[in-house]
Amino acid sequence: MTRDEVLSLFREAGAILEGHFILTSGLRSPVFLQKARVFMYPDKTEKLCKALAQKIRASNLGQIDYIVSPALGGLIPGYETARHLGVPAMWVEREDGEFRLRRFELPKGARVIVVEDIVTTGLSSRETVTSLKALGAEVLGVACLIDRSGGEADASVPVIALAQYKVPAYEPDNLPPELAALPAVKPGSRGLV
Ligand SMILES: O=P(O)(O)OC[C@H]1O[C@H](OP(=O)(O)OP(=O)(O)O)[C@H](O)[C@@H]1O
Ligand SMILES: O=C(O)c1cc(=O)[nH]c(=O)[nH]1
Ligand SMILES: [Mg+2]
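Residues numbered from 1 in each chain as written. Chains lettered and ligands numbered in written order. Predicted model: local features only at pLDDT ≥ 70, side-chain atom pairs only at ≥ 80, totals over all residues. Heavy atoms only, no water.

With that settled, the discussion passes to the UniProt feature "binding site: 5-phospho-alpha-D-ribose 1-diphosphate" (unreviewed entry) in the protein chain. The UniProt entry lists Glu116, Asp117, Ile118, Val119, Thr120, Thr121, Gly122, Leu123 and Ser124 under the feature "binding site: 5-phospho-alpha-D-ribose 1-diphosphate" (unreviewed entry), expressed in the numbering used here. Within the element layout of this structure, Val119 appears in strand 6 (residues 111-119). Classification of Val119 by relative accessible area gives buried; the value is 1%. Those residues in contact with Val119 that sit more than four places away from it in its chain are Ser125, Val142, Cys144, Ile146, Asp147, Arg148, Ser149 and Ala153. Relative to the helices and strands, Thr120 is located in the loop between strand 6 and helix 5 (123-133). Apart from the residues lying within four places of it in its own chain, the contact partners of Thr120 are Leu23, Arg148, Ser149 and Ala153. (UniProt positions renumbered as here; feature names shortened; annotations may be inferred. Helix = DSSP H or I, 4+ residues; strand = E, 2+ residues; numbered from the N terminus. Buried < 20%, exposed > 50% of the residue type's maximum accessible area, 1.4 Å probe, protein only. Contact = heavy atoms within 4.5 Å.)

This is the structure we're talking about:
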């Protein structure tokens, strides 16, 4: 699947929002990819995650035992990508602000791919990788549908992105005036759970 095909699916779903957004990293951006509007559609989600599964397989990372995703955004693409890889899917969720594998047992040495929806700075991916390594997992990489960083995000392990889509993001004290003029909204779940 090409980058344009991925972005067309997001566009068709009305998932590319414009305004003033507070990202999970604290950065501000005039564009927000509201992935939930894509994941409403099982056919679109299947196309994207089938292609992501193929890209993961083509990366030759060896045996994959589990997919693990960070809640909330990673849940649906994690499950659907795992379905195409033929492996089980688990998730980490926040407890006292930290990602934890609250509902599952992960065998020590399990070979894991983290599936994210969107990567911006890689912060959420790194937090997920850290929580899994602390349980003794071998984390082979992070796979995501869209990497907004242009390949610069640091996930602490290799990142496999179905599409790159470089979008500006600014420190809150260094906003362009046209962005500062708009009311800021925070669509993600960090800080809520
Ligand atoms: O690479 P990063 O800078 O960490 O940004 C990307 C993260 O931001 C979003 O999650 P968010 O915490 O907004 O909550 P959500 O998963 O509930 O949407 C998205 O799902 C990624 O997990
Ligand atoms: O960086 C983020 O928090 C983020 C950006 C984006 O476009 N979509 C999203 O769900 N989160
Ligand atoms: Mg998330």
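Taken in spatial order, the 6 strands make up an open sheet running 5-4-3-6-7-8, and their pairing is mixed. The open sheet has two free edges, formed respectively by strand 5 (98-100) and strand 8 (159-164), since each of these has just one partner strand. Neighbour-to-neighbour, the strand axes of the sheet open up by a mean angle of 25 degrees, direction not taken into account. The pairing of strand 7 (residues 138-147) with strand 8 spans 5 bridges and is parallel. Paired with Ala143 across the strands is Ile160, a residue of strand 8. In the packing of helix 3 (residues 42-58) onto the sheet, contacts are made with strand 6, strand 7 and strand 8, and the angle to strand 8 comes to roughly 135 degrees. (Pairing = 2+ DSSP bridges. Axes fitted to C-alpha atoms, helices over the stretch in contact; angles between N-to-C directions.)

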